[in-house]
Amino acid sequence: MVYRRIAVFGGVYSNYRALAATIEDARRHQAEALFCLGDLGGFGPCPDRVYPLLREAGVQVMRGNYDVSLADGLTDCGCGYTDPRDNYYAALSYEYTFRHTSEENKHWLRTLPDVLRVQVGSYRLHMCHGSPRQVNEFLWESTTPDGFLSKLCGDYEADVLLCTHTGIKWHRRLPDDRHAVNVGVIGRPENDGETHVWYTLLTAAPDLQVAFIPVYYDYEALARDMRQEQLPEAFVETIRSGWWTTCLEVLPGKERACGRW
Amino acid sequence: MQTIPQAPFHNLHALWFQLTGTLCNLACSHCFISCSPTNHALKFVAPETVYRYLDEAETHGVREVYFTGGEPFLHKQIIPILARSLQAAATSVLTNGTLITPTVADELAALATTSRYSLEMRISLDDVDEARNDAVRGKGALRRALRALRLLQERGLPPIVAVTEYFYEAPETTPQEPGSGSGFYQKFRDFLLENGIEKPRLKVIPVFAMGKLHPSETGAAYVTPGMMHGFDVTTLQCTKSRIVADGGVYACPLLVGEPEARLSENSLSEAMQPCSLYHTACHTCYVTGMTCSNY
Ligand code: SF4
Ligand code: SF4
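Small disclaimer: the values here were computed from a predicted structure and weren't measured.

Thresholds applied
- Residues numbered from 1 in each chain as written.
- Chains lettered and ligands numbered in written order.
- Predicted model: local features only at pLDDT ≥ 70, side-chain atom pairs only at ≥ 80, totals over all residues.
- Heavy atoms only, no water.
- Helix = DSSP H or I, 4+ residues; strand = E, 2+ residues; numbered from the N terminus.
- Rg over C-alpha atoms; globule rule 2.2 N^0.38 Å.
- Buried < 20%, exposed > 50% of the residue type's maximum accessible area, 1.4 Å probe, protein only.
- Contact = heavy atoms within 4.5 Å.
- Areas by Shrake-Rupley, 256 points an atom, 1.4 Å probe, with all protein chains shown as cover.
- Lys, Arg positive; Asp, Glu negative; His and termini not counted.
- Charge placed at Lys NZ, Arg CZ, Asp CG, Glu CD.
- Near = heavy atom within 4 Å.
- Nonpolar A, V, L, I, M, F, W, Y, C, P; charged D, E, K, R; others polar.
- Salt bridge = Lys/Arg side-chain N within 4 Å of Asp/Glu carboxyl O.
- Core = buried A, V, L, I, M, F, W, Y, C linked by side-chain atoms within 4.5 Å.
- Buried area = accessible area lost by both parts, 1.4 Å probe.
- Expected span 1.5 Å × (residues − 1).
- Arc of directions from axis to C-beta.
- Axes fitted to C-alpha atoms, helices over the stretch in contact; angles between N-to-C directions.
- Parallel < 35°, antiparallel > 145°, perpendicular 65-115°, else oblique.
- Left-handed = near helix turned anticlockwise from the far one by under 90°.

## Notes on the overall build of chain B
Part 1 of the argument: Looking only at helices and strands, one finds 8 helices and 11 strands in chain B.
Part 2 of the argument: For a compact globule of 295 residues, the expected C-alpha radius of gyration is about 19 Å, and chain B comes in at 19 Å, within 12% of that figure.
Part 3 of the argument: A principal-axis box enclosing the C-alpha atoms of chain B has dimensions of 55 × 45 × 35 Å.
Part 4 of the argument: Out of the 295 residues belonging to chain B, those deemed buried represent 57%.
Part 5 of the argument: The contacts of chain B with a sequence gap of at least 6 include a subset with a gap of at least 24, amounting to 74%.
Part 6 of the argument: Summed over all atoms, the accessible surface of chain B reaches about 12100 Å², with 54% contributed by carbon and sulfur.
Part 7 of the argument: Here chain B contributes 24 positive and 29 negative side-chain charges, whose respective centroids are spaced 4 Å apart.

What follows is the structure, given as structure tokens:
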């Protein structure tokens with residue numbers, strides 16, 4: 001399929017309110033198709049609420065590590081944390097999400113692909129969750145070198161690599177008009193003290209244009225949902241303050257220096 | 001006689017340099033390669049050699065570069081070497097921190113802020129108690145490491161603290177709730193916070209029975225062929241990293257300088273081949289899933 005403009009997002013993390021706002025905004029920007037790079041659950045409240053929204057909007061969804069774990073009934077989320085403090089929170093939210101995701105939705109996750117390939121203008125896009133070679137590899141801006149990205153573009157025959165998983169967006173122009181884009185996540189803000197989330201618009205004009213679009217949504221309502229579901233106050237604080245309070249140990253130095261904690 | 005299992009080579013995620021060989025200004029009682037101010041067994045790696053291997057590593061799509069020793073800050077060319085490395089990829093230095101003076105910290109901060117990629121300083125500690133720490137690492141070691149942590153933090157470089165489980169007491173079988181845990185991990189976190197390190201970053205490393213802690217042969221355990229069935233071999237760092245040191249390219253930072261672990265005299269590409277899991281350290285890797293890299 002060849003598109004002119006598409007919208008891509010990752011990491012829904014059960015934030016059904018941000019998802020609804022993202023879908024609406026992408027339509028307003030005349031995106032011809034919407035893509036989700038996985039991790040539908042975790043962190044937020046009432047995981048089953050995101051599934052009907054995705055299906056009704058015809059979003060093309062692929063699986064992230066969280067979705068693989070839920071689909072296969074694994075005992076942890078496979079996020080790849082090493083720190084016991086991170087693992088404490090990760091275990092808590094995985095257990096909650098597993099318990100509140102219906103069998104039907106878990107089955108649906110099993111039917112989803114692990115990679116998506118489409119074309120925008122003349123650009124061949126390779127969409128993955130973490131990295132093309134490993135579902136839970138973290139591609140942070142400050143630890144992902146150009147040489148590595150160029151090699152991946154070659155290995156996977158792509159002009160544009162798209163990923164998510166880390167929670168912080170970035171775009172890198174590579175030689176020969178190749179690109180790598182971490183599309184960010186819509187499930188939680190990106191550790192900059194702002195409460196909105198981000199998705200990405202890709203347009204062939206005919207040169208590739210990459211635009212990060214902020215999504216403003218009712219985060220106070222989400223915080224109320226989370227408290228009602230008795231999710232950890234540390235998670236609620238992130239939604240309301242825009243600063244990450246958990247899963248910080250995987251951040252590289254540069255990204256860690258930018259945050260508050 | 002059993003055959004020795006091998007680990008395949010997958011990709012060059014990390015390239016390591018044992019920059020200062022076995023020379024260190026400290027002589028920790030648990031050092032796994034027995035470094036000291038007088039151990040010249042493995043020599044320094046020359047800057048030109050570092051640059052040549054970095055060029056080669058870039059063509060293989062390397063993601064991270066690490067410098068270790070000995071003590072890397074004994075190398076007079078450390079700053080230009082780090083500058084070149086940061087052009088290629090995120091770079092980490094494993095150090096005892098005692099040689100990080102305000103001037104050195106300024107130079108590191110200048111490098112870090114102008115680079116697109118992260119520069120990480122990973123500073124080793126063994127205990128939060130000065131007497132216990134310094135009994136292993138030498139007098140004044142804790143105080144000087146803390147000074148380095150503060151100097152780096154003040155310059156916007158949140159350091160990583162690496163702790164071996166040398167003084168490990170009770171196993172943390174379940175993840176600890178922040179603030180309520182009394183475990184090993186929490187102890188260091190609290191210590192760093194109390195000392196004004198606002199973003200505590202910790203790396204806990206199992207103790208390897210080698211170097212100055214080498215066990216008697218009878219107590220040694222090895223990886224056997226049977227253990228490889230159903231085992232995810234990619235958890236072993238030797239499937240995705242190599243280390244350059246005096247004498248050539250070796251399988252991993254733990255077996256640096258060991259003739260059996262040397263895979264090439266002078267070529268990274270040649271060293272990107274399967275390696276033998278012949279050592280007792282391989283058994284520790286197998287059991288703990290340990291990696292020398294930051295995450
Ligand atoms: S500081 Fe590190 S290299 Fe030096 S003796 Fe201690 S453990 Fe060995
Ligand atoms: S010590 Fe560990 S990393 Fe090194 S070769 Fe053995 S298994 Fe691999």
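## Section: the site of ligand 2
Part 1 of the argument: Lining the immediate surroundings of ligand 2 are Gln-237, Cys-238, Cys-252, Leu-254, Leu-255, Leu-277, Ala-281, Cys-282 and Cys-285 of chain B.
Part 2 of the argument: Among the residues forming the shell around ligand 2, the class breakdown is 8 nonpolar, 1 polar and no charged.

## Some remarks on the pattern of salt bridges
Between side chains of opposite charge, pairing is possible as soon as their charged atoms come close.
Residue and element names in this part refer to chain A.
Part 1 of the argument: Evaluated as defined, the whole model comprises 25 salt bridges over all chains.
Part 2 of the argument: For the salt bridge of Glu-24 with Arg-28, the shortest nitrogen-to-oxygen distance reads 3.7 Å. Of the two residues, Glu-24 and Arg-28 are both situated in helix H1 (residues 16-28); the distance of 4 residues between them amounts to about one turn of the helix.
Part 3 of the argument: For Asp-114, the salt bridge goes to Arg-63, with nearest N and O atoms at 3.1 Å.

## Observations regarding the nonpolar core
Part 1 of the argument: Phe-17, Leu-82, Ile-100, Leu-108, Met-121 and Leu-255 of chain B are the most contacted members of the largest nonpolar core, which has 95 residues in total.
Part 2 of the argument: The element best represented in this core is helix H5 (residues 141-154) of chain B, accounting for 8 residues.
Part 3 of the argument: Filtering out sequence-adjacent residues up to four positions away, Met-121 of chain B remains in contact with Phe-73, Leu-82, Val-93, Ile-100, Leu-108, Leu-152, Pro-159 and Ile-160 of chain B.
Part 4 of the argument: Ala-26, Phe-43, Cys-46 and Tyr-94 of chain A belong to the second largest nonpolar core, which has 49 residues in total.

## Quick word on the interface of chain B and chain A
Interface size is often expressed as the accessible area that is lost when the parts come together.
Part 1 of the argument: Contact residues are listed per partner, giving 32 residues for chain B and 34 residues for chain A.
Part 2 of the argument: For the pair chain B and chain A, the two sides together bury roughly 2600 Å², of which 52% comes from carbon and sulfur.
Part 3 of the argument: In terms of surface lost to chain A, no three residues of chain B exceed Arg-63, Lys-199 and Tyr-295 of chain B, which account for 26% of the buried area on that side.
Part 4 of the argument: Taken together, chain B and chain A are joined by 2 salt bridges.
Part 5 of the argument: A salt bridge links Arg-63 of chain B to Glu-137 of chain A; the shortest N-O distance between them is 2.8 Å.

## Description of helix H3 (residues 102-114) of chain B
Part 1 of the argument: Its 13 residues place the ends of H3 of chain B 18 Å apart at the C-alpha level, agreeing with the 18 Å of an ideal helix rising 1.5 Å per residue.
Part 2 of the argument: Of all the positions in H3 of chain B, only Val-104, Ala-105, Leu-108, Ala-109, Leu-111 and Ala-112 of chain B are classed as buried. Taken around the axis of H3 of chain B, the buried residues stretch over an arc of 160°, which confines them to a single face. What points out from H3 of chain B, more than 90 degrees from its buried face, is the exposed set Thr-103, Thr-113 and Thr-114 of chain B.
Part 3 of the argument: On its buried face, H3 of chain B sits against helix H9 (253-258) of chain A together with helix H2 (78-88), strand E5 (119-125) and H5 of chain B.

## Here we look at the environment of Val-8 of chain A
Residues and elements named next belong to chain A.
Part 1 of the argument: Among the structural elements, Val-8 can be located in strand E2 (residues 5-9).
Part 2 of the argument: For Val-8 and Arg-49, which are 41 residues apart along the polypeptide, the C-alpha to C-alpha distance reads 20 Å.
Part 3 of the argument: Sequence-distant contacts of Val-8, defined by excluding residues within four places in its chain, comprise Phe-35, Leu-37, Leu-162, Val-183, Tyr-199, Thr-200 and Leu-202.

## Considerations on the packing of helix H3 (residues 65-72) of chain A against helix H5 (residues 103-110) of chain A
Residue and element names in this part refer to chain A.
Part 1 of the argument: Running from N to C, H3 and H5 cross one another at 120°; their axes reach a closest spacing of 8 Å. Taken together, the axes of H3 and H5 lie oblique to each other. Regarding H3 and H5, the two cross each other, and that crossing is left-handed. Contacts between H3 and H5 pair Asp-67, Leu-70, Ala-71 and Asp-72 from the former with Lys-106, Leu-109 and Arg-110 from the latter.
Part 2 of the argument: Tallied by class, the residues present in the contact of H3 with H5 amount to 3 nonpolar, no polar and 4 charged.

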